[in-house]
Amino acid sequence: CIKTWTNYIHGWQDRWVVLKNNTLSYYKSQDEREFGCRGSLCLSKAVITPLEFDECRLDISVNDSVWYLRAIDSEHRHQWINSIELHRAESGYGSESSLRRHGSMVSLTSATSGYSTTSTSSFKGHSLREKLAEMETFRDILCRQVDTLQKYFDGCADAVSKDELQRDTIVDDDEDDFPNTRSDGEFIHNNNGSKEKLFQSLSPKDINGIDFKGEAITFKATTAGILATLSHCMDLMVKREDSWQKRLDKELEKRRMIEEGYKSALSELKKKSHFRSPDYEEGPNSLINEDEFFDAVEAALDRQDKIEEHSHTEKWRIQRSSPVPPGDVYSTMGSHRFADKVEEMVQNHMTYSLQDMGGDANWQLVVEEGEMKVYRREVEENGIVLDPLKATHSVKGVTGHEVCHYFWDTDVRNDWETTIENFNVVETLSENAVIVYQTHKRVWPASQRDVLYLSAMRKILANNENNPDTWLVCNFSVDHDNPTNRCVRAKINIAMICQTLVSPPEGDREISRDNITCKITYVANVNPGGWAPASVLRAVAKREYPKFLKRFTGYVQEKTSVKPILF
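Quantities reported herein were computed from a predicted structural model and do not represent experimental measurements.

**A word on the overall build of the protein**
Summing up its helical and strand segments, the protein has 9 helices and 21 strands in all. The proportion of buried residues among the 567 residues of the protein is 35%. Long-range contacts, defined as pairs at least 24 residues apart, comprise 60% of the intrachain contacts of the protein with a sequence gap of at least 6.

**Focus: the packing of aromatic side chains**
According to the stated counting rule, one finds 12 aromatic pairs in the structure shown. A ring pair is formed by Y330 and W408, whose centres lie 6.5 Å apart and whose planes are at 80°; its orientation type is edge-to-face. Taken as a pair, Y330 in the loop between α5 (290-317) and α6 (339-353) and W408 in helix α7 (residues 400-408) lie far apart in primary sequence, 78 residues in all. Note on accessibility: Y330 and W408 belong to one class, buried. Taken together, a centroid distance of 5.8 Å and an interplanar angle of 90° make the contact between Y406 and Y555 edge-to-face. Taken as a pair, Y406 in helix α7 and Y555 in helix α9 (residues 534-560) lie far apart in primary sequence, 149 residues in all. One aromatic cluster is present, built from ring pairs that chain together F407, W416, Y522, Y545, F548 and F552.

**Topic: the sheet that holds strand β4 (residues 39-42)**
Ordered by their spatial adjacency, 7 strands build an open sheet running β4-β3-β2-β1-β7-β6-β5, and the pairing between neighbours is antiparallel. Each edge of the open sheet carries a strand with a single partner, namely β4 and β5 (47-50). Strand-to-strand, the axes of this sheet are offset by a mean angle of 35°, without reference to chain direction. With 5 bridges connecting them, strand β2 (residues 12-20) and strand β3 (residues 23-27) associate as antiparallel partners. From the neighbouring strand, V18 faces β3, where its bridge partner is S25.

**Let's talk about the pairing of strand β14 (residues 389-396)**
Sheet topology note: the strand β11 (residues 372-376)/β14 ladder contains 4 bridges and is antiparallel. Across the sheet, residue R376 finds its bridge partner in β14, namely L389. Where β14 and strand β21 (residues 516-527) come together, 8 bridges link them in antiparallel fashion. By the bridge assignment, H393 is partnered in β21 with I520.

**Some words on the nonpolar core**
Ranked by size, the top nonpolar core spans 38 residues in total, and within it V403, F407, M496, Y522, F548 and F552 carry the most contacts. Of all hydrophobic cores here, the second largest spans 19 residues; its members include Y437, V478, I497 and V523.

**Topic: the pattern of salt bridges**
In this structure the tally under the stated criterion is 14 salt bridges. Note that R255 and E259 form a salt bridge whose closest N and O atoms lie 3.1 Å from each other. Residue R255 and its partner E259 are located together in helix α4 (residues 212-273), separated by 4 residues, close to a single helical turn. The class of R255 is exposed, set by a relative accessible area of 54%. Given the relative accessible area of 35%, E259 is considered partly exposed.

**Re the pairing of strand β6 (residues 57-62)**
Summarising burial for β6: 6 of the 6 residues are buried, a large majority. Both faces of β6 are covered, namely the face carrying R57, D59 and S61 and the face carrying L58, I60 and V62. As judged from the 4 bridges shared by β5 and β6, these two strands associate in the antiparallel manner. Paired with I48 across the two strands is I60, which belongs to β6. The turn joining β5 and β6, which pair antiparallel and follow one another in sequence, is formed by 6 residues. The sheet contact formed by β6 and strand β7 (residues 65-70) spans 6 bridges and is antiparallel. When the bridges of β7 are listed, L58 appears paired with L69. In sequence, β6 turns back onto β7 through a hairpin of 2 residues, with N63 there showing a positive phi of about 60°.

**Digging into the confidence of the model for the protein**
Taken over all residues, the pLDDT of the protein has a mean of 76, while the share at 70 or more is 73%. Within the model, pLDDT remains below 50 along residues 94-126, and this stretch shows 12 contacts once partners closer than five positions in the same chain are excluded.

**Side note on α6**
Spacing of three or four residues puts side chains on the same side of an α-helix, whose turn is 3.6 residues. Given a rise of 1.5 Å per residue, 15 residues ought to cover 21 Å, and the 20 Å separating the end C-alpha atoms of α6 matches this to within 8%. Tucked into the core, α6 has its buried residues touching β14, β17 (449-460), β18 (470-477), β20 (491-502) and β21.

**A look at helix α1 (residues 74-90)**
Between its first and last C-alpha, α1 extends 24 Å over 17 residues, near the 24 Å set by a 1.5 Å rise per residue. One side-chain oxygen of the residue at the start of α1 lies 3.4 Å from the amide nitrogen of E75, identifying that residue as D73.

**Thoughts on the environment of K441**
Within the fold, K441 resides in the loop between β16 (433-440) and β17. The spacing of K441 and N422 is 19 residues in sequence and 8.4 Å in space, taken between C-alpha atoms.

**Considering a positive patch on the surface**
Side chains of K246, R247, K250 and K254 sit close together on the surface and give a patch of like positive charge. In this fold, K246 is placed in helix α4.

**Side note on the environment of P468**
Along the chain, P468 falls in the loop between β17 and β18. Residues P468 and C498, 30 residues apart in the sequence, show an inter-C-alpha distance of 9.7 Å. Once you skip the residues sitting within four places of it in the chain, P468 turns out to touch A462, Q499, T500 and L501.

Rules of the game
Residues numbered from 1 in each chain as written. Predicted model: local features only at pLDDT ≥ 70, side-chain atom pairs only at ≥ 80, totals over all residues. Heavy atoms only, no water. Helix = DSSP H or I, 4+ residues; strand = E, 2+ residues; numbered from the N terminus. Buried < 20%, exposed > 50% of the residue type's maximum accessible area, 1.4 Å probe, protein only. Contact = heavy atoms within 4.5 Å. Phe/Tyr/Trp six-rings, centres within 6.5 Å; stacked < 30°, edge-to-face > 60°. Pairing = 2+ DSSP bridges. Axes fitted to C-alpha atoms, helices over the stretch in contact; angles between N-to-C directions. Core = buried A, V, L, I, M, F, W, Y, C linked by side-chain atoms within 4.5 Å. Salt bridge = Lys/Arg side-chain N within 4 Å of Asp/Glu carboxyl O. pLDDT = per-residue confidence, 0-100. Expected span 1.5 Å × (residues − 1). Polar contact = N/O pair within 3.5 Å; in protein donor to acceptor, adjacent residues only side chain to side chain. Patch = residues over 30% accessible without salt bridge, like charges linked within 9 Å, V, L, I, M, F, W, Y side chains within 5 Å. Areas by Shrake-Rupley, 256 points an atom, 1.4 Å probe, with all protein chains shown as cover. Lys, Arg positive; Asp, Glu negative; His and termini not counted. Charge placed at Lys NZ, Arg CZ, Asp CG, Glu CD.

This is the structure:
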């Protein structure tokens, strides 16, 4: 039994894997073997890859099909690898020499067939065939002439041999019997007084009736014709070679482009086939680099923004009956079991969140757009980014009570919040405190997050008449016995702190929305609960927090523009 990776939802699952007949098959369990295997891999061309950073994991791939396996421990993984390699060797697929031998036979066959094809196709063409026919005729003529000349040379050789034999016979006779010779030595006298020519000159026509001069002239003409025809054939072959070379270059270029396209398509196919594999999921050992991670996240966020652009106008137009409890409800901390914790959180935010950041060098100004400023303090713990974030903003025409009301009210949460997939109120603690569970939309390759938090809304009365009252919503993670799912649990500590500033109207006029401004301080401490590149998290936070503040405050302005002012 070994664990296999199913998908990013179910993760690693125990499966019954069988190694038999050079095939690796897996079943859902040992008891379900009779129902047939769920999948199989032929090991003849399989590549086994044990991962260095995970001592229990091994990957088995055949082309673009990959099995991700995870053993109980490193020893168990080693046993699996040895068993597979031994099985491959016994099946005849583990021998390197056998593979090399098969490859050589294929190469030899390819080379021979290629040579035959080239040799046959090189002699196509009407002009070249004519010249080859001429060469055939010249060959026959030349063969006959060579036979004739050979006969002539054989006859000459026989005549010379006879003359040498006759001369040797005369020299061996007694010198006294040797007849007198003429002074030129050309003639000799026999015993009977007759004279003969000692060395007779050989006439060309005297040997087998062959005209040597005529045959020599014909031989010369034949060889000249052969040379001329060969020269013409060479010219034709050069032209044919140029033509075929151009065609070959074109074919090679086509082949190169096809091979590059094939490699590119194969690479994309492998990438797509592995896109949902555990190697490309969020984590410190992910194969996706930071740039690709950020590009993927940014592309997903852009798609969500386009979807929201088409839907947010309709959402904002929906009029929901959201009764507002009297202000006194928010002045008390309540009597539920988390009341002390809520009071502690409220006092901490009132003490530290409203402090000015101008003199603190640890806070960095990362975004400034009009009245809105966003600050960040970089903090990392065990490789996880925990950067506290603080934003200040001023919004005209709304009060702190209205801003906090819409931020806290779960009935209108989906109207302005674009990152939530679903949420529900797990428990109502009091009129101003609830426990909420919500899951956020997954942005691949990051894992999906969920959060369980207590949300409380409070009104803090001012110490003197000159200072405005403060409205505050604090959301912080708590433990609860609600059922959990496979999302990564994030931890949050967020506060929306608002104060209403009123400029006195002229004369006896009533206060209108033109006379009020809401000063907002938003603080967020988020632990994402899982690993993701620090640069990506910071870049996303820098992009998303300002968009959230502008979107939310614009929603509040839209919803309250025709309503009575809620102080």
